[in-house]
Amino acid sequence: MISTNLTPPARQDLGVRLLAPEEACDFEYWAARLVHPELLRNAVAVALYRLPLLAVPAGMGRRGGRMDMVFTSFAELTALELHGRPGFHGVAAVGTDVVWGEPVPKDLTPDARRRFFGLHAQPQAQPLFAYYRKVCHA
């Protein structure tokens, strides 16, 4: 029998962790769509259990960001983890959403919404020269 109970797990079991941006399962999605892929330098993968999703900071024309979470407890812990990081000014948990940067204006057209979040209309097939992460080997 499949349980439909949507009660969040205990706080100590949430396992919210910040990882390198490349660890996010949606890294390529964002890399192909950001007008300024340099933003990926300060992005982080937010891992809830085993699924890391990318949190892209505001800046360089990207006015704000947001992530949808399943539970308010996930949103609250994620906001705490992002607090104080570059590009995540004003980070807050609003219900099950984590938001940062400027508030999204109401009644934006789809094109204006895309521009607010600093995205291209179509994915770009360009190399990520603007994004460079130095890997140090011990």
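Residues numbered from 1 in each chain as written. Predicted model: local features only at pLDDT ≥ 70, side-chain atom pairs only at ≥ 80, totals over all residues. Heavy atoms only, no water.

S.K.: Any details on the confidence of the model for the protein chain? Residues and values, ideally.
M.R.: Low pLDDT marks regions whose predicted coordinates should not be analysed in detail. The share of residues in the protein chain with pLDDT of 70 or more is 80%, and the mean pLDDT across the chain is 86. With pLDDT under 50 throughout, residues 1-5 is counted as low confidence; its partners more than four residues away or in other chains account for 0 contacts. (pLDDT = per-residue confidence, 0-100. Contact = heavy atoms within 4.5 Å.)

S.K.: Tell me about the pairing of strand β3 (residues 51-55), residues and numbers included.
M.R.: Strand direction decides the pairing type here: strand β2 (residues 44-48) and β3, joined by 5 bridges, are antiparallel. From the neighbouring strand, Ala47 faces β3, where its bridge partner is Pro52. The hairpin formed by β2 and β3 contains 2 residues between the paired strands, and Tyr49 there has a positive phi angle of roughly 60°. (Pairing = 2+ DSSP bridges. Helix = DSSP H or I, 4+ residues; strand = E, 2+ residues; numbered from the N terminus.)

S.K.: An account of the side chain of Thr78 is requested, with residue identities and associated values reported.
M.R.: Relative to the helices and strands, Thr78 is located in helix α2 (residues 72-82). With residues near it in sequence (within four places) discarded, Thr78 still touches Val16, Val46, Leu48, Met69 and Val98.

S.K.: Go over the sheet that holds strand β5 (residues 92-94), please, and point to the residues and values.
M.R.: The strand order across the open sheet formed by 3 strands is β4-β6-β5, and the pairing between neighbours is antiparallel. What marks the edges here is a single partner per strand, and that holds for β4 (64-68) and β5. Strand-to-strand twist in this sheet, taken as the mean axis angle between neighbours without regard to direction, amounts to 25°. As paired elements, β5 and strand β6 (residues 97-101) share 3 bridges and run antiparallel to each other. When the sheet's bridge partners are listed, Ala92 is paired in β6 with Val99. (Axes fitted to C-alpha atoms, helices over the stretch in contact; angles between N-to-C directions.)

S.K.: Outline the environment of Met67, supporting the account with residue identities and numerical values.
M.R.: In this structure, Met67 sits in strand β4. Distance in space between the C-alpha atoms of Met67 and Ala55 is 7.1 Å, their sequence separation being 12 residues. What Met67 contacts, discounting residues up to four positions off in sequence, is Val46, Leu53, Leu54, Ala55, Thr96, Asp97, Val98 and Trp100.

S.K.: Describe the pattern of salt bridges, listing the residues and the values that go with them.
M.R.: Inspection of the entire model under this criterion finds 5 salt bridges. With a shortest N-O distance of 2.7 Å, Arg66 and Asp68 are connected by a salt bridge. Bridged by salt links that share partners, the residues Arg66, Asp68 and Asp97 form one connected network. (Salt bridge = Lys/Arg side-chain N within 4 Å of Asp/Glu carboxyl O.)

S.K.: Tell me about the layout of surface pockets, and please be specific about residues and values.
M.R.: Unfilled space is identified by rolling a water-sized probe across the atoms. Reported here for the largest pocket is a volume of approximately 270 Å³. Forming the boundary of the largest pocket are 16 residues, of which Trp30, Leu54, Arg66, Met67 and Asp68 lie nearest the centre. Counting residues per element, the ones that place at least two in the lining of the largest pocket are β3, β4 and α3 (110-116). Its residues assigned to classes, the lining of the largest pocket comprises 9 nonpolar, 1 polar and 6 charged. Taken as a whole, the second largest pocket spans an internal volume of roughly 150 Å³. Lining the second largest pocket are Gly65, Arg66, Gly90, Val94, Asp97, Val99, Trp100, Gly101, Glu102, Pro103, Val104 and Phe117. (1 Å grid on protein atoms, 1.4 Å probe; cavity = no way out; pocket = protein on both sides within 12 Å on 5 of 7 lines; lining within 4 Å. Points joined across faces, edges and corners; volume = space filled by probe spheres on them. Nonpolar A, V, L, I, M, F, W, Y, C, P; charged D, E, K, R; others polar.)

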